[in-house]
Amino acid sequence: MPRIDNDIKLDFKDVLLRPKRSTLKSRSEVDLYRSYVFRNSKQNYDGIPVIAANMDTVGTFTMAKELASNGLFTTIHKHYSVDAWKEFAEENPAILKHIAVSAGTGKGDFEKLTQIIEAIPALKFICLDVANGYSEMFVQHVKEVRQHFPSHTIMAGNVVTGEMVEELILAGADIIKVGIGPGSVCTTRKKTGVGYPQLSAVIECADAAHGLGGHIISDGGCTCPGDIVKAFGAGADFVMLGGMLAGHDQCPGDVLEKGGKKVKLFYGMSSATAMNKHSGGVAEYRASEGKTVEVPYRGDINATVLDILGGLRSACTYVGAGKLKELSKRTTFIRVTQQLNNVYGNSA
Ligand code: 5GP
């Protein structure tokens, strides 16, 4: 008989943070940098733990340069050639500590990953990304990559439950990517009915990871700076963004004119658009679980980054956190039935 879990699971939209008394005088006092030492790689990290997703519309070298100059991180999408990697690494050695090389479990992925890592010794982060992190084959793959690269920091996912977070950490991953179905161009929940509300997934997975000395990334579902704050408040060590970084100059693709408005294309990595571009069409055995959308053209990424960091700093002052590190300890979520007053529309 199917079981029903009656515990209520929540999304970002279901909560707000309760303000708390604070001695902070100004948001400029807030420190957003975090330092981590990873459980398995024993490597250090120092930066603002906001990550551009490894999607080919946002996880680009151009994006990485701008984000790194602000202290942010980029998981580079997996479609750059080894030569393109070598050239980028030669020209931008200072950025390498703010980027990860991504790989799936497909034929040729491991070989290419090895070539890139061997060519670029200063590149220390690997992002192993599959749509469904629950397969035994993926756990095995994480173990093999750990064996080959004992001192590289491995991000792995995606999963949404504590037991699978633990299994991947014990298999050798350092940072677990959490999120199934929340993404802005993801159609997994519609196509499969599978998923988990993101705020609860982050709370539960962070607890599981931290118990073992591991870390997590909240991946997907952030629609505004306030959602990023909620993900950190819920215990995420990193927050990964796709849609919030799309539509900028640093994203590939032309600016199109549609109905008098400037737009750029943004698409999921398993959308028909991505599969046609990279794999010669949608494979028959799988439904495409991503969509293609037009997002408003938003100019330079730096203005958006400032907006995001401004929101984070301000949130910290509202709850009395002098550092991003203290945010989750100072977080009390309150459940709400309404977030915003949209009487004049819902644009910013
Ligand atoms: P966003 O920040 O846009 O809400 O979510 C970004 C995340 O969506 C990515 O990091 C990735 O985990 C997920 N994602 C990207 N492309 C696809 C796709 O085609 N299908 C699914 N199911 N998820 C995707």
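Each remark here, short or long, concerns the structure printed above.
Residues numbered from 1 in each chain as written. Predicted model: local features only at pLDDT ≥ 70, side-chain atom pairs only at ≥ 80, totals over all residues. Heavy atoms only, no water.

### What about the sheet that holds strand β12 (residues 256-258)?
- Strand order in the open sheet formed by three strands is β12-β13-β14, with antiparallel pairing between adjacent strands. Two strands lie at the open edges of the sheet, namely β12 and β14 (292-296), each paired on one side alone. The sheet shows a mean angle of 50 degrees between the axes of neighbouring strands, direction not considered.
- Where strand β13 (residues 261-267) and β14 come together, five bridges link them in antiparallel fashion. Looking across to β14, one finds that V263 is bridged to P296. (Pairing = 2+ DSSP bridges. Helix = DSSP H or I, 4+ residues; strand = E, 2+ residues; numbered from the N terminus. Axes fitted to C-alpha atoms, helices over the stretch in contact; angles between N-to-C directions.)

### Observations regarding the nonpolar core
- W85 and L128 are the most contacted members of the largest nonpolar core, which has 104 residues in total.
- Considering each element in turn, this core owes the most residues, eight residues, to helix α10 (residues 301-319). (Core = buried A, V, L, I, M, F, W, Y, C linked by side-chain atoms within 4.5 Å. Buried < 20%, exposed > 50% of the residue type's maximum accessible area, 1.4 Å probe, protein only.)

### A closer look at the sheet that holds strand β8 (residues 153-159)
- The eight strands are arranged β4-β5-β6-β7-β8-β9-β10-β11 in a closed barrel whose pairing can be described as parallel. Mean inter-strand twist for the sheet, computed between neighbouring axes without regard to direction, equals 25 degrees.
- With two bridges connecting them, strand β4 (residues 50-52) and strand β5 (residues 73-76) associate as parallel partners. The partner of I51 across the bridge, within β5, is F73.

### Overview of the side chain of D56
- Tracing the sequence through the fold places D56 in the loop between β4 and α1 (61-69).
- A distance of 3.0 Å separates polar atoms of two side chains, one belonging to D56 and the other to Y267.
- At a separation of 2.3 Å, a polar atom in the side chain of D56 contacts the side chain of H278.
- Setting aside anything within four residues of it in sequence, one finds D56 in contact with H77, H79, P252, Y267, M269, K277 and H278. (Polar contact = N/O pair within 3.5 Å; in protein donor to acceptor, adjacent residues only side chain to side chain. Contact = heavy atoms within 4.5 Å.)

### So, unusual backbone geometry
- Backbone torsion omega between G157 and N158 reads 15 degrees, so that peptide bond is classified as cis.
- Positionally, N158 belongs in strand β8.

### Regarding the site of the ligand
- If you check the shell around the ligand, you find 20 residues, and the closest are S184, D219, G242, S270 and E289.
- Between the ligand and S270, the relevant distance is 2.7 Å, taken from an oxygen atom to a main-chain nitrogen or oxygen of the residue.
- Partitioning the shell around the ligand into residue classes produces six nonpolar, twelve polar and two charged. (Near = heavy atom within 4 Å. Nonpolar A, V, L, I, M, F, W, Y, C, P; charged D, E, K, R; others polar.)

### So, α10
- When the terminal C-alpha atoms of α10 are compared, their 28 Å separation across 19 residues agrees well with the 27 Å that a helix rising 1.5 Å per residue should span.
- Every buried residue of α10 is accounted for by I301, T304, V305, I308, L309, G310, L312, S314, A315, C316 and V319.
- Buried residues belonging to α10 abut β1 (15-17), β4, α1, α8 (225-233), β11 (238-241) and α11 (324-327). (Expected span 1.5 Å × (residues − 1).)

### As for the side chain of D227
- Of note, D227 is situated in helix α8.
- Buried charge D227 goes without a salt bridge, the closest partner of opposite sign being K230 at 4.1 Å.
- Within the structure, the side chain of D227 is placed 2.6 Å from the side chain of T223, a separation counted as a polar contact. (Lys, Arg positive; Asp, Glu negative; His and termini not counted. Salt bridge = Lys/Arg side-chain N within 4 Å of Asp/Glu carboxyl O.)

### Points about a negative patch on the surface
- Residues E136, E163, E166, E167 and D207 make up a contiguous surface patch of negative charge.
- Counting residues per element, the negative patch draws most heavily on helix α5 (residues 162-170), at three residues.
- In this fold, E163 is placed in helix α5.
- Looking at E163, the relative accessible area reads 49%, which means it is partly exposed. (Patch = residues over 30% accessible without salt bridge, like charges linked within 9 Å, V, L, I, M, F, W, Y side chains within 5 Å. Areas by Shrake-Rupley, 256 points an atom, 1.4 Å probe, with all protein chains shown as cover. Charge placed at Lys NZ, Arg CZ, Asp CG, Glu CD.)

Functional significance is not addressed by these values, which are geometric in nature.
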